[in-house]
Amino acid sequence: MTPPAVASPARPLLAGRAAVVVVYTAAMCMNGLDSTIVNPALYRIAEDFGRPVPAANSVETAFLIGLALGLPVAGWLGDRYGVKRVFLGALAVFTLASALCAAAPGLGTLAAARGVQGVAGGLLTPVGMTLLFRAFTPEERPRLGRILIVPTALMPALGPPLGGFLTEHLSWHWLFLVNLPVGIAAVALGLTALRTEPEPPAGRFDTRGFLLATPGLGLLTYALGFGPAHGWTAPAVWLGGLAGAALLGLAVRNQLRSPEPLVDLRLLADRSYGAASWLALLTSAGLMGALFVLPLLYQAARGATALDAGLSVFPEAIGLMAASQVVDRLLPRLGPRRLALPALLLAAAILAALGLAENPWAVRALMFAVGLVLGTAVLTVQIAGFADVPPPAMGRAMALFTILRTLGGAIGIAATAALIGALGDGTDPTPYRLALALTATLVAAGALLARRLPAQGPPPPPEG
């Protein structure tokens, strides 16, 4: 008999919950930071490799292509091989790919390593959310979400100023080296402290859906990203875009007919969830396009340093964090439609004004307003869109929502890069201003979809 063993599980359970928060937060900080940290360094990367600035966009496009490849299979892989194993494996690959990015001898190698980073990042977000939700009960999650939104909101906006600082004072290689100590420590902690949980049956893998949707998304993202640099008439670009669109068309048909689809497109038939998902695509296109254009505008057209260009967009994070603290109070009073629709229109006006602002403090004030107003709309849309999604469909709904949001980011960067490349990427600010006007148009178009959101908001949380 060994009576002392009865009390032993208490401490590991507490340590396991704390470890989940630490490892998940570290992974999301790395993933969020790397989505924007390279933007202010693209000008320097292009110079170092002797390539035009639009060609350096391949570094970011490769990351988005990788995300598109990893997202559709994340849920099935977690069920099949275990959430802990897939999450830590993806985190280890992400960390290794960061080292390869730092050591890249050329632009092609750097883009390839960024693509590997993107695949791992595409697995991290949905699988990591599953890991987190298993550790905390539904009653605990709202309070936890308010804490975790700080690193997940802060890191993407911290990326440009940090990227500018490292590029200016050290080198662009340090944009990726900063991931190594964090990633290694997080993987080591996860291996020793995270618990292995039994998984539900993975079900039949939708092979046809995988063979259609995954390369379709990748080829379409490739065409969108590389078209501005290589020309839309280049065979690899237009053939890739045509093949990607054809494969996605076949994938849509397959997903609608399959009893166990890899991506359940039928969820888009829900009025609120469908509107929220397409809104996520448009707002992501507008925001990611703006974050791509603004640092280039201040470096190429206005002679700013990489650090100054990065600092110009950092206040967006502060505005987003402020929005996260007020949405839960405003939403029950105003309802999703009355809160999101004017916020989208106001955000579009602010994005258009950004191209005309010359004073650095005026730019920072406008970026804070973008974070506050557009952040309010984005958070409102996400809450309203998932309000009626049943728990069994939550994982598939989150995967589809993330795919559309990621595709929107690729479209926004590709469209703005194409516009700048077509009109000239020199010191003339006009192409950059028109590109920012395009991002404003994308966000304004979302106001039409916002009319499909519910008029009534959720009931306010109980007191205490």
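Residues numbered from 1 in each chain as written. Predicted model: local features only at pLDDT ≥ 70, side-chain atom pairs only at ≥ 80, totals over all residues. Heavy atoms only, no water.

Draft legend 1. View of the overall build of the chain. If you tally the helices and strands in the chain, you get 18 helices and zero strands. Counting over 464 residues, the chain shows a buried share of 52%. Put simply, 83% of the contacts in the chain that link residues at least 6 apart link residues at least 24 apart. Only carbon and sulfur atoms are counted for the fraction: they give 70% of the accessible area of the chain, which is about 19700 Å². (Helix = DSSP H or I, 4+ residues; strand = E, 2+ residues; numbered from the N terminus. Buried < 20%, exposed > 50% of the residue type's maximum accessible area, 1.4 Å probe, protein only. Contact = heavy atoms within 4.5 Å. Areas by Shrake-Rupley, 256 points an atom, 1.4 Å probe, with all protein chains shown as cover.)

Draft legend 2. How the structure looks around a nonpolar patch on the surface. Taken together, the side chains of Trp238, Leu239 and Leu242 define a hydrophobic patch exposed on the protein surface, amounting to about 320 Å² of accessible area. Looking at the element boundaries, Trp238 is found in helix α11 (residues 235-257). (Patch = residues over 30% accessible without salt bridge, like charges linked within 9 Å, V, L, I, M, F, W, Y side chains within 5 Å. Salt bridge = Lys/Arg side-chain N within 4 Å of Asp/Glu carboxyl O.)

Draft legend 3. Looking closely at α11. In this model α11 runs 33 Å from its N-terminal to its C-terminal C-alpha over 23 residues, within 8% of the 33 Å that 1.5 Å per residue would give. Regarding α11, the residues found buried are Val237, Gly240, Gly241, Gly244, Leu248, Ala251, Asn254 and Gln255. (Expected span 1.5 Å × (residues − 1).)

Draft legend 4. Layout of the packing of helix α4 (residues 74-81) against helix α5 (residues 83-102). Between α4 and α5, the least distance of the axes is 6 Å, while the angle of their chain directions is 125 degrees. On the basis of the axis angle, α4 is oblique to α5. Between α4 and α5, the contacting residues are Leu77, Gly78 and Tyr81 on the first element and Val83, Arg85 and Val86 on the second. Residue classes in the contact of α4 with α5 are distributed as four nonpolar, one polar and one charged. (Axes fitted to C-alpha atoms, helices over the stretch in contact; angles between N-to-C directions. Parallel < 35°, antiparallel > 145°, perpendicular 65-115°, else oblique. Nonpolar A, V, L, I, M, F, W, Y, C, P; charged D, E, K, R; others polar.)

Draft legend 5. The arrangement of helix α15 (residues 336-354) in detail. Taking 1.5 Å as the rise per residue, α15 with 19 residues should run 27 Å; its terminal C-alpha atoms sit 27 Å apart, in good agreement. Along α15, the residues that are buried comprise Pro336, Leu339, Ala340, Ala343, Leu344, Ala347, Ala348, Ile350, Leu351 and Leu354. Buried positions in α15, seen along its axis, are confined to an arc of 165 degrees and lie on one side of it. (Arc of directions from axis to C-beta.)

Draft legend 6. Just the environment of Leu346, in detail. Its place among the elements puts Leu346 in helix α15. Along the backbone, Leu346 and Val370 are 24 residues apart, and their C-alpha atoms lie at a distance of 8.7 Å.

Draft legend 7. Spotlight on the side chain of Thr439. Relative to the elements of secondary structure, Thr439 occurs in helix α18 (residues 430-450). Not counting the four nearest positions on each side in its chain, Thr439 is found in contact with Gly286, Gly289, Ala290, Leu351 and Thr416.

Draft legend 8. Structural view of a positive patch on the surface. A surface patch of positive charge is lined by Arg271, Arg337, Arg451 and Arg452. Its place among the elements puts Arg452 in the segment after α18. We classify Arg452 as partly exposed; its relative accessible area is 37%. (Lys, Arg positive; Asp, Glu negative; His and termini not counted. Charge placed at Lys NZ, Arg CZ, Asp CG, Glu CD.)

Draft legend 9. View of the confidence of the model for the chain. Summing up the model confidence of the chain, the mean pLDDT is 77 and the portion of residues at 70 or higher is 82%. α5 holds the highest mean pLDDT among the elements of the chain, 88, whereas helix α7 (residues 141-169) holds the lowest, 68. Long-range and interchain partners of residues 1-14, a stretch whose pLDDT sits below 50, account for one contact in this model, where long-range means more than four residues apart. (pLDDT = per-residue confidence, 0-100.)

Draft legend 10. Region of interest: the side chain of Ser98. The residue Ser98 is located in helix α5 in this model. Beyond its immediate stretch of four places on either side in the chain, Ser98 contacts Asp34, Gln117, Phe176, Asn179 and Leu180.

Draft legend 11. Region of the structure containing the packing of aromatic side chains. Scanning all chains against the criterion turns up zero aromatic pairs. Of note, Arg114 hangs over the ring of Phe63, and the distance from its end group to the ring centre comes to 4.3 Å. (Phe/Tyr/Trp six-rings, centres within 6.5 Å; stacked < 30°, edge-to-face > 60°. Lys NZ or Arg CZ within 6 Å of the ring centre and 35° of its normal.)

Draft legend 12. Seen up close, the environment of Ala455. Following the sequence through the fold, Ala455 ends up in the segment after α18. By relative accessible area, which is 34% here, Ala455 ends up partly exposed. Residues Ala455 and Leu339, 116 residues apart in the sequence, show an inter-C-alpha distance of 9.4 Å. Ignoring any residue separated from it by four or fewer positions in sequence, one finds Ala455 in contact with Leu334, Gly335, Pro336 and Arg337.

Draft legend 13. Geometry of the packing of helix α14 (residues 315-334) against α15. Viewed as axis vectors pointing N to C, α14 and α15 meet at an angle of 115 degrees, and their least axial separation amounts to 6 Å. Contacts between α14 and α15 involve Leu330, Leu331, Arg333 and Leu334 from the former and Pro336, Arg338 and Leu339 from the latter. Residue classes in the contact of α14 with α15 are distributed as five nonpolar, no polar and two charged.

Draft legend 14. Representation of the environment of Leu268 within the structure. Here Leu268 shows up in the loop between α11 and α12 (271-301). The spacing of Leu268 and Leu400 is 132 residues in sequence and 9.0 Å in space, taken between C-alpha atoms. Among residues more than four places away in sequence, those in contact with Leu268 are Tyr273, Gly274, Ser277, Trp278, Leu400 and Leu404.

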